[in-house]
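What follows is the residue order along each chain.
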2 protein chains.
Amino acid sequence: MLLMNVKSLCLGILTFGEATGYEIKKAFETQFSQVYDAGFGSIYPALNQLTTSGYVSCRQEQQEKRPAKKIYSITESGLDFFLKELHKAPAKDKFRSETLTKLIFADMLPRENISILIDQVIDDYNNYVVDLSDSCCEKQSQSEKFLCGFGITVRQAAIKYMQENRHLIESASSSSSQQAAE
Amino acid sequence: MLLMNVKSLCLGILTFGEATGYEIKKAFETQFSQVYDAGFGSIYPALNQLTTSGYVSCRQEQQEKRPAKKIYSITESGLDFFLKELHKAPAKDKFRSETLTKLIFADMLPRENISILIDQVIDDYNNYVVDLSDSCCEKQSQSEKFLCGFGITVRQAAIKYMQENRHLIESASSSSSQQAAE
DNA sequence: CAAAACTATATCAAGTCGATATATATCAGT
DNA sequence: ACTGATATATATCGACTTGATATAGTTTTG
């Protein structure tokens, strides 16, 4: 384990207070959505491993006609471990875009298709900005506000760039070999 | 297989001409570095699977005192498959930043540490912009120029935002509980 | 009143990441 | 001339993550 992964972040979330796996997932969707994503498939195994390692403790709360809640709390050794993780050098930022990757093969797609593709990215980013702008005001902590603003600013810059430069690829994909597949 | 993955992209790279696994890796590092990354641990297994599926053919070139080159070419059915992949809806863009994630736990780090962290991200992004600016001129295709400009613009916006708003987190982390771990 | 979304758990195959291993060649600097 | 770094070229492996799927009752929305 060289750096921050789902395991460390579950631990980090538990420093804010005890929580169930489901609640941890929600934390990833709200607080961390800008910068880190994790699904149940990573969270539940992570919590099991953390329990085995003694970094979290788990108490079960029976509920009528619902699956029992498993409420996790961070232990002392868990907090130790997390603080050590926090002091490690972080990995480089990663960005992956299948849509923009597709553009590299613009010559193989009909021109129309390219335009629709770019329209969609712009639309996605726009929606993202709107959603963030709404939720940004509700954020309590300074770091959350900072990250929220970061997400908005960066996406707005991306939208502006795409609007101003889309012609570069939209014009290029016309003359080339039109190997359209039905 | 629902969308673009390393396998499809290897196929895509081979539409530009035959190549070895090593050369495909270089393509990911240059042309695709903006938007998609893949290592040998994904590329070599992908090429094996593609060979088994009959989507690529492989001819071996013996070299004296060097491991034999395996030169891959895309087949007709491979091109078919790739074009179908290209017409599928792409996944959402993903961004992951361990550094920015750390900022959520700013209260647990000494103020100095936070400042260093932000300095580093800004520095990383700056270097990225410089590198891209250099290589941008050499790019041949329009789509590569577009992506190059995209990378520069977005990171410049990120740098500007961080410089203008870093005080939000740098001031906040002072008063709170200083649970520093050596 | 039905359909959708929410609460809450969990697993699994397939895919990806990062490190490591093996060899040799070449190029730059001392 | 030697040393170390970088490049060519392959490949594997464990650990981790992803995305889909399953189960099952409750609450909200249209």
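All figures in this text were calculated on a predicted structure; none of them were measured in a lab.

S.K.: What's the story with the domain arrangement of chain A in this structure? I'm lost.
M.R.: The parts lose accessible area when they come together, and the size of an interface is often stated as this lost area. All names here are of chain A. Looking at chain A, the domain boundaries give domain 1 (6-86) and domain 2 (98-181). Centre-to-centre separation of domain 1 and domain 2, based on C-alpha positions: 33 Å. Residue-level contacts link five residues of domain 1 with seven residues of domain 2. Surface buried jointly by domain 1 and domain 2 totals about 460 Å² across both partners, of which 44% is contributed by carbon and sulfur atoms. Three residues, Q31, Q34 and V35, lead the burial of domain 1 against domain 2; their summed loss comes to 86% of the area buried on that side. Linking domain 1 with domain 2 are zero residue pairs in polar contact (both at pLDDT 80 or more), by the criterion used here. Considered class by class, the residues forming the side of domain 1 that touches domain 2 number one nonpolar, four polar and no charged.

S.K.: What is the right way to look at a nonpolar patch on the surface in this model?
M.R.: Judged by side-chain polarity, Y22, F40 and Y44 of chain A come together as a nonpolar surface patch covering roughly 310 Å² of accessible area. Y44 of chain A sits in the partly exposed class, given a relative accessible area of 38%.

S.K.: Where do I start with the relation of the copies chain B and chain A in this structure?
M.R.: Expressed as a screw operation, the relation of chain B to chain A combines 0.0 Å of axial shift with a rotation of 180°, fitting to an RMSD of 0.0 Å. Between the two chains, the operation in question is that of a two-fold axis. Considering only C-alpha atoms, the residue of chain B closest to the rotation axis is F95 of chain B, which sits at 2.2 Å. Most of the interface of chain B is mirrored in chain A, where 98% of its interface residues again form contacts.

S.K.: Whenever I open this one, the nonpolar core confuses me. Can you help?
M.R.: Proteins that are soluble and globular tend to have nonpolar side chains buried together. Grouped together as the largest cluster of nonpolar side chains are 104 residues, with contacts concentrated most on F28 of chain A together with F28 of chain B. F28 of chain B has contacts with L9, C10, I13, S33, Y36, D37, A38 and I43 of chain B, leaving out every residue within four places of it along the chain.

S.K.: Looking at this structure, I do not really get the pattern of salt bridges. What am I missing?
M.R.: Where side chains of opposite charge bring their charged atoms close, a pairing between them can arise. Residue and element names in this part refer to chain A. Per the counting criterion, the structure on display carries 14 salt bridges over all chains. Measuring nitrogen to oxygen at the nearest pair gives 3.0 Å for the salt bridge that ties D119 to R166. Of this pair, D119 sits in helix α6 (residues 111-136) while R166 is found in the loop between α7 (142-165) and α8 (167-172), placing the two residues 47 residues apart along the sequence. By relative accessible area, which is 16% here, R166 ends up buried. Linked by salt bridges that have partners in common, E18, R59 and E61 make up one network.

S.K.: Is there a simple way to explain the interface of chain B and chain A in this structure?
M.R.: The partner chain A presents 61 residues to the 62 residues of chain B that form the contact. Regarding the contact of chain B and chain A, the summed buried area is about 6,300 Å², with carbon and sulfur atoms giving 70% of it. Taken together, the connections running from chain B to chain A amount to zero salt bridges. Elements represented by at least two residues in the side of chain B that touches chain A include exactly α1 (6-14), α4 (76-86), β3 (94-96), α5 (98-103), α6 (111-136), α7 (142-165) and α8 (167-172) of chain B. Broken down by element, the residue count for the side of chain B that touches chain A peaks at 14 residues, all from α7 of chain B. Counted by class, the side of chain B that touches chain A contains 37 nonpolar, 15 polar and ten charged residues. Across three bridges, strand β3 (residues 94-96) of chain A lies against β3 of chain B in antiparallel orientation. Its bridge partner lying in β3 of chain B, K94 of chain A is registered against R96 of chain B.

Parameters and conventions
Residues numbered from 1 in each chain as written. Chains lettered and ligands numbered in written order. Predicted model: local features only at pLDDT ≥ 70, side-chain atom pairs only at ≥ 80, totals over all residues. Heavy atoms only, no water. Domains from an automatic or database assignment. Contact = heavy atoms within 4.5 Å. Buried area = accessible area lost by both parts, 1.4 Å probe. Polar contact = N/O pair within 3.5 Å; in protein donor to acceptor, adjacent residues only side chain to side chain. Nonpolar A, V, L, I, M, F, W, Y, C, P; charged D, E, K, R; others polar. Patch = residues over 30% accessible without salt bridge, like charges linked within 9 Å, V, L, I, M, F, W, Y side chains within 5 Å. Areas by Shrake-Rupley, 256 points an atom, 1.4 Å probe, with all protein chains shown as cover. Salt bridge = Lys/Arg side-chain N within 4 Å of Asp/Glu carboxyl O. Buried < 20%, exposed > 50% of the residue type's maximum accessible area, 1.4 Å probe, protein only. Least-squares fit on C-alpha atoms with pLDDT ≥ 70 in both. Core = buried A, V, L, I, M, F, W, Y, C linked by side-chain atoms within 4.5 Å. Helix = DSSP H or I, 4+ residues; strand = E, 2+ residues; numbered from the N terminus. Pairing = 2+ DSSP bridges.

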